[in-house]
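One letter stands for each residue in the lines below.
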Amino acid sequence: MLRRNVFALTAAAAIATGAGQAGAADMPAPFDNAGDVTIALVRYISTGDFFQAYLSGVESQAAALGVELRVFDSRQDAALQADMVDQAIALGVDGIVIQHGLTESMKDAAQRAVDAGIKVVAFDVNVENAAIPQIEQSDYLLGRLALDQAIEDHGTSWTAGYVYVPGIAPLDRRHVAWEETKAANPGITETARFGTLDNPIANSIANQARAVLQANPDINVVFAPYDEFAKGVKIAVDEAGLTDDIDIYSADVSTADISAMREPGSAWVATVATNPAVVGEASVRALALMLAGEDPGASVIVPPTLITQAFLNGEDIRNMDDLGAKMPQFQHADVAMSDWMPLPPR
């Protein structure tokens, strides 16, 4: 029996019927009989708009495929996340999407799923397993594009605050870009490093950032490569009346982020992102390819895009729908695809 703090739901077992989409009879086994396939999403982090949008993408692609979806939410409890993988194995699911987590806690759990004959994909967690495709947003490029914009805006000499929590795969990949950027530009000084994933993340970061900004009044750039980090820093910057003195560069995007970036005088000037819902869809499609006996490849990468405050204001973009209309890559990523694959209705 599932533990009480497991959140489970079932996506509608219906086949999407949009243009270019197939019915169940046109799909390979095991998808030719709607409702015969069950997959699990095992989450490490669920707080924030990014993760809600990612979940919506997983749900919509699962519904389009006609599969039953069970969602397990560990709320940043590494041991519980590993336990939830075991619970999914015990339930006899056909496939598992592991979303974030720590390598040391998920490596063995993921291997147990593979040993049980279950297909597994991992999004933004390195489980060190050649049998498990990695779904990612090219996190190094997310960091690099944001930092390139910071250099374009401020040159190669500035004083930075940096928000980082080690051990989280996407943050570690973005960290590589940060270290490379500092090494290539000695005039960039990291004067403070801080970070936490304590819930609620943005508020916890804001508490840290207040102290950091007070102790380091020379900071003029903050690299906060996760939107919940950026939200927290922005709270502290706004409270300190430093919106004209500090620029924030981030990663990821949501409707709430767009609103925050477009506030008059906002310090949050740029982010680099993919559509998290599209990444969720790609995660499920990669798993579906494996279940159908096809190979999605060792790495499924959804390419990111730079989004500046100036672009949002210039195009009067207010939400993710507007962003998708102006940036078609936010509506769909042509990765982990096959001719038989039904897509969610648009």
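Use the structure listed above.
Since we're looking at a predicted model, the values are computed, not measured.

S.K.: Can you tell me about helix α1 (residues 49-65), naming the residues and giving the values?
M.R.: With 17 residues, α1 extends 25 Å between its outermost C-alpha atoms, agreeing within 8% with the 24 Å of an ideal straight helix rising 1.5 Å per residue. Along α1, the residues classified as buried are F50, F51, Y54, L55, G57, V58, Q61, A62, A63, A64 and L65. Where α1 is buried, its residues meet β1 (38-43), β2 (68-73), β3 (95-99), β4 (119-123), α7 (227-240) and α9 (276-291). One or two steps after α1, the chain reaches G66, where phi turns positive at roughly 75°.

S.K.: Account for the packing of helix α2 (residues 78-91) against helix α3 (residues 103-115), naming residues and giving values.
M.R.: Contact pair α2 / α3: the axes reach a minimum separation of 9 Å and the direction vectors enclose 5°. With respect to their mutual orientation, α2 and α3 come out roughly parallel. Contact residues: α2 offers A78, Q81, A82, V85, D86 and I89, while α3 offers S105, M106, A109, R112 and A113.

S.K.: Describe the sheet that holds strand β11 (residues 299-301), naming the residues involved and giving the relevant values.
M.R.: Here we have six strands laid out as an open sheet, ordered β2-β1-β3-β4-β5-β11, and parallel in their pairing. Every interior strand has two partners, whereas the edge strands, β2 and β11, have only one. The sheet shows a mean angle of 20° between the axes of neighbouring strands, taken without regard to direction. Both β3 and β4 contribute to a ladder of five bridges, which runs parallel. Bridge pairing in β4 places V97 opposite V121. Seen against the sheet, α9 touches β1, β3, β4, β5 (134-136) and β11 and runs at an angle of roughly 155° to β4.

Rules used throughout
- Residues numbered from 1 in each chain as written.
- Predicted model: local features only at pLDDT ≥ 70, side-chain atom pairs only at ≥ 80, totals over all residues.
- Heavy atoms only, no water.
- Helix = DSSP H or I, 4+ residues; strand = E, 2+ residues; numbered from the N terminus.
- Expected span 1.5 Å × (residues − 1).
- Buried < 20%, exposed > 50% of the residue type's maximum accessible area, 1.4 Å probe, protein only.
- Contact = heavy atoms within 4.5 Å.
- Axes fitted to C-alpha atoms, helices over the stretch in contact; angles between N-to-C directions.
- Parallel < 35°, antiparallel > 145°, perpendicular 65-115°, else oblique.
- Pairing = 2+ DSSP bridges.

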